[in-house]
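# A structural walkthrough
Here is what each chain is made of, one letter per residue.
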Amino acid sequence: MMKFLDLLDRFGDQPYFDYPSVCLLFGESDEATRTALYRFRRAGKILELKRGLFTFSDIYRKAGLTATELAGVLYAPSYLSELWALSWYGLIPEKTVLYTSVTPRATRSFENSFGRFRYRSLKSTLFFGFRTETFMGASVRIATPEKALVDLWYLESGEWTVDRMESMRFEPNVIDASSLAETVRIADSLRLSEALRAWNNYTKALV
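To start, this report covers the structure provided alongside it. (Residues numbered from 1 in each chain as written. Predicted model: local features only at pLDDT ≥ 70, side-chain atom pairs only at ≥ 80, totals over all residues. Heavy atoms only, no water.)

Relative to the elements of secondary structure, Ser124 occurs in the loop between β7 (115-121) and β8 (130-135). When the C-alpha atoms of Ser124 and Thr103 are compared, they prove to be 8.1 Å apart, with 21 residues separating the residues in sequence. (Helix = DSSP H or I, 4+ residues; strand = E, 2+ residues; numbered from the N terminus.)

The structure is reproduced here in structure tokens:
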């Protein structure tokens, strides 16, 4: 029967591990493996991040793991965008505790001890405009400020008017105007082009 110390010895240096890897390394029956992992969870020794994906609790985990890194692991491919990215860049004044990402896959949500994670679906042609940043030593994919804004315009229903821009209290100085225009051009969407015109009027009114 699988022992916790053996599991810790095999996976303790990793930030997370999955069910297939445990099965492969220990070679026990499916029922025995599930029972052991359930027992370790009940004892508070491991945490389930989503079905079949685990990490050790803080006192046992040797490798660092952050919510921003986990956002890219729970549902891939994806990158942080929309409200979380806009908040991180200082484009909106509010802080958000919901980790918002976009993906070419179906919309999904997860919740675990690291936080709440939402993934909204973009068509594959719009899955661009992200870069890799380092958060607490981990590589994380996040939209550029301009793409995070465009993703929000695209995914939130309704017309993006000057009044709506004002209600969001966007900080335009964070945005590079030419990069924003190029992002909208590549996206090739009439609705986004109209949102860009509203944005330009909004920023002019702030001068």
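Text resumes after the structure shown.
Another point: the pairing of strand β9 (residues 138-143). Here six bridges tie β8 to β9, and the two strands are oriented antiparallel to one another. Bridge assignment links Phe130 to a residue of β9, and that residue is Ala143. Between β8 and β9, which follow one another and run antiparallel, lie two residues, and Met136 among them has a positive phi close to 50 degrees. (Pairing = 2+ DSSP bridges.)

Buried within helix α8 (residues 177-187) we find Leu180, Thr183, Val184 and Ala187. Angularly, the buried residues of α8 cover 95 degrees about the axis, an arc narrow enough to put them on a single face. Among the exposed residues of α8, those pointing more than 90 degrees away from its buried face are Ser178 and Arg185. Its buried side turned inward, α8 meets α6 (145-155) and α9 (190-206). Just beyond α8, the residue with positive phi is Asp188, at close to 55 degrees. (Buried < 20%, exposed > 50% of the residue type's maximum accessible area, 1.4 Å probe, protein only. Arc of directions from axis to C-beta. Contact = heavy atoms within 4.5 Å.)

Here the structure, examined in full by the defined rule, presents 10 salt bridges. Between Asp30 and Arg34 there is a salt bridge, with the nearest N and O atoms lying 3.0 Å from each other. Taken together, the positions of Asp30 and Arg34, both in helix α3 (residues 30-42) and four residues apart, correspond to about one turn of that helix. Classification of Asp30 by relative accessible area gives partly exposed; the value is 42%. According to the relative accessible area criterion, Arg34 is partly exposed, its value standing at 44%. Three or more residues are tied together by salt bridges with common partners; here these are Glu82, Arg118, Arg120 and Glu156. (Salt bridge = Lys/Arg side-chain N within 4 Å of Asp/Glu carboxyl O.)

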